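Observations on the model geometry
Here is how the chains run, residue by residue.
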Amino acid sequence: MKALQYRTIGSRPELVEIEKPTPKASEILLRVTAAGACHSDEFIMGASAEDYYFKPLPLTLGHEVAGVVEAIGDGVTDVEIGESVIVYGPWGCGRCYHCAKGDEMNCEKGMRAPGIFSDGGMAEYMIVDDARHLVPLGDLDPVDNVSLTDAGLTPYRAVKSALPKLTPGTTAVVIGAGGLGHVAIQLLKALTQSTVIVLDLGPEQLEFATKVGADHTFASNPDAVEPIRELTGGLGADVVFDFVGIQPTADLSAALVARAGSVVIVGVASGAVPIGQTTVPLDVTGRAINWGSRAELMEVVELAKRGAIRIHTERFSLDEATTAYEKLHNREIRGRAVIVPGR
Ligand code: NAD
Ligand code: ZN
């Protein structure tokens with residue numbers, strides 16, 4: 001079968017021919033219907049040999065996966081051949097305290113996420129380790145909804161956990177209106193009565209942010225701080241969500257957050273907000289979000305079924321997958337690039 005693999009440190013992903021896998025006991029074989037390209041894949045492929053701590057290469061990419069159940073291993077019950085599913089990505093052991101709560105991304109034994117720590121779904125077929133990692137899609141279109149598994153789930157956890165501070169009349173700032181950020185904007189509009197202010201780099205990104213619901217947009221640089229403070233009556237934003245995570249955006253987050261507000265860092269990079277009595281406004285809390293729980297993925301699917309959120313997708317075949325990553329790398333994707341193997 002065809003698979004998109006990251007094969008050597010520092011290289012770009014390659015389309016290769018590998019053996020179609022067979023499900024062992026308790027495993028499920030999916031025929032992949034869609035797989036999303038996430039900026040985290042760029043982070044994985046950007047790591048130096050020293051810093052690379054993911055699955056030993058080669059790694060089949062793809063941690064946002066939808067598929068149809070093609071075959072099941074011994075002992076798998078309650079899964080129908082032909083069922084349309086999406087895959088909960090942050091696979092844990094299933095037995096530790098965090099996994100028992102459904103927070104498998106915080107598994108005490110570490111995550112075994114496909115496309116990151118094991119082979120993923122940017123291929124014609126993929127093995128899922130356990131039936132609990134499948135969420136039924138029902139009538140939802142797999143291509144439009146595959147990215148609920150990360151571009152939906154991760155901002156959902158970020159926004160949901162900040163809801164106590166996002167009471168009516170408050171202000172939320174979203175930095176980075178890409179795959180995750182454009183869903184965060186929609187989630188904020190669906191779940192709160194807060195004003196949503198978005199920062200991104202260029203006019204195309206800001207236009208896109210407005211299209212998906214932003215109330216105000218600004219070019220992402222320190223000049224945005226003054227006008228945003230004015231918009232909030234001098235107080236600052238109640239919650240700042242940073243979907244970039246580099247030091248310049250962390251600095252913006254610290255400059256924009258209001259007293260007793262929150263900074264929620266989602267972007268994976270080395271930016272940091274120094275929480276302390278004299279470094280940020282008083283009573284500010286900070287949080288670094290890691291993906292989401294199984295139950296939260298089910299909640300996100302329900303939001304999609306009710307039309308409260310819609311992921312904007314650009315579709316590519318497996319043969320075009322390398323182009324999708326080039327475009328993601330060059331910031332040319334609006335919303336999410338989705339690979340459709342059968343295309
Ligand atoms: P993306 O490439 O689709 O979107 C990134 C957006 O940020 C783009 O619109 C880009 O123009 C914008 N941007 C870049 N630099 C900026 C800056 N200095 N100021 C403002 N905007 C800027 O990426 P994505 O797939 O949405 O991922 C976003 C981040 O979230 C990545 O760092 C990714 O690794 C991370 N991520 C984290 C988790 C988690 O669990 N914490 C899960 C998935 C992705
Ligand atoms: Zn991701």
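Source: prediction; values computed, not measured. (Residues numbered from 1 in each chain as written. Chains lettered and ligands numbered in written order. Predicted model: local features only at pLDDT ≥ 70, side-chain atom pairs only at ≥ 80, totals over all residues. Heavy atoms only, no water.)

The grouping of F43, Y53 and V268 at the surface amounts to a nonpolar patch, some 310 Å² of accessible area in total. Tracing the sequence through the fold places F43 in helix α1 (residues 39–46). F43 sits in the partly exposed class, given a relative accessible area of 35%. (Patch = residues over 30% accessible without salt bridge, like charges linked within 9 Å, V, L, I, M, F, W, Y side chains within 5 Å. Areas by Shrake-Rupley, 256 points an atom, 1.4 Å probe, with all protein chains shown as cover. Salt bridge = Lys/Arg side-chain N within 4 Å of Asp/Glu carboxyl O. Helix = DSSP H or I, 4+ residues; strand = E, 2+ residues; numbered from the N terminus. Buried < 20%, exposed > 50% of the residue type's maximum accessible area, 1.4 Å probe, protein only.)

Near ligand 1, the surroundings consist of 29 residues, among which H39, D200, S220, W291 and R336 are the closest. Contact between ligand 1 and G179: an oxygen atom at 2.8 Å from a main-chain N or O atom of the residue. The contact in question runs from a nitrogen atom of ligand 1 to an N or O atom on the side chain of S220, over 2.7 Å. Every element with two or more residues in the shell around ligand 1 is listed here: α1 and β10 (195–200). Taken together, the residues of the shell around ligand 1 break down into 14 nonpolar, eleven polar and four charged. For the shell around ligand 1, the two domains that each supply at least three residues are domain 1 (2–150 + 292–340) and domain 2 (153–288). (Near = heavy atom within 4 Å. Polar contact = N/O pair within 3.5 Å; in protein donor to acceptor, adjacent residues only side chain to side chain. Nonpolar A, V, L, I, M, F, W, Y, C, P; charged D, E, K, R; others polar. Domains from an automatic or database assignment.)

Okay, the nonpolar core next. Counting residues in hydrophobic clusters, the biggest one holds 85 residues, and the most contacted among them are L148 and F241. Looking at this core, the element that brings in the most residues is strand β3 (residues 28–37), giving six residues. A domain split of this core shows at least three residues from each of domain 1 (2–150 + 292–340) and domain 2 (153–288). Contacts of F241, omitting those with residues within four sequence positions, involve A158, V159, A162, L166, A172, V173, V174, I175, L188 and V264. Counting residues in each nonpolar core, the second largest holds 20 residues, with A224, L256, I265 and V273 among its members. (Core = buried A, V, L, I, M, F, W, Y, C linked by side-chain atoms within 4.5 Å. Contact = heavy atoms within 4.5 Å.)

Moving on: the packing of aromatic side chains. Applying the stated criterion across every chain yields a total of five aromatic pairs. Relative to F117, the ring of Y53 lies with its centre 6.3 Å away and its plane at 35°, an arrangement referred to as tilted. In this pair, Y53 is assigned in the loop between α1 and β4 (59–60) and F117 in the loop between α2 (97–100) and β7 (125–128), connecting sequence segments 64 residues apart. When its relative accessible area of 26% is taken as the criterion, F117 is described as partly exposed. Here F54 and F117 contribute two aromatic rings whose centre-to-centre distance is 5.8 Å and whose plane-to-plane angle is 40°, an arrangement assigned as tilted. Of this pair, F54 sits in the loop between α1 and β4 while F117 is found in the loop between α2 and β7, placing the two residues 63 residues apart along the sequence. (Phe/Tyr/Trp six-rings, centres within 6.5 Å; stacked < 30°, edge-to-face > 60°.)

Turning our attention to the coordination of the zinc ion (ligand 2). Every protein donor of the zinc ion (ligand 2) is listed here as C38 (SG), H63 (NE2) and D150 (OD), and their distances to the metal cover 1.7 to 2.3 Å. Between the donor residues of the zinc ion (ligand 2), the gaps in sequence give the motif C-x24-H-x86-D. Taken together, the residues C38 in the loop between β3 and α1 and D150 in the loop between α3 (142–145) and α4 (153–162) connect sequence positions 112 residues apart. By relative accessible area, C38 is classed as buried at 3%. (Donors = N, O, S within 2.8 Å, 3.2 Å for Na, K, Ca; no water.)

Attention now goes to the sheet that holds strand β9 (residues 171–175). Across the sheet, which stays open at both edges, the six strands sit in the order β11-β10-β9-β12-β13-β14 with parallel pairing between neighbours. With one partner strand each, in any of the chains shown, β11 (216–219) and β14 (285–288) form the two edges of the open sheet. Pairs of neighbouring strands in the sheet enclose a mean axial angle of 15°, with direction left out of account. Note that β9 and strand β12 (residues 237–242) share four bridges and pair parallel. Note on β12: the bridge partner recorded for V173 is V240. (Pairing = 2+ DSSP bridges. Axes fitted to C-alpha atoms, helices over the stretch in contact; angles between N-to-C directions.)

A word on the environment of Y125. By the element assignment, Y125 lies in strand β7. The sequence separation of Y125 and M1 amounts to 124 residues, and the corresponding C-alpha distance is 7.5 Å.

With that out of the way, let us pick up the domain arrangement of the chain. Domain assignment breaks the chain into domain 1 (2–150 + 292–340) and domain 2 (153–288). Here the C-alpha centre of domain 2 lies 27 Å away from the C-alpha centre of domain 1. Counting residues at the interface gives 24 residues for domain 1, matched by 22 residues for domain 2. Regarding the contact of domain 1 and domain 2, the summed buried area is about 2000 Å², with carbon and sulfur atoms giving 61% of it. Summed over the shared surface of domain 1 and domain 2, the number is four salt bridges. In this structure, D103 engages R157 in a salt bridge whose closest nitrogen and oxygen atoms are separated by 3.7 Å. On inspection of domain 1 and its partner domain 2, the count reaches nine residue pairs in polar contact (both at pLDDT 80 or more). Among the residues making up the side of domain 1 that touches domain 2, the classes are represented as ten nonpolar, six polar and eight charged. (Buried area = accessible area lost by both parts, 1.4 Å probe.)

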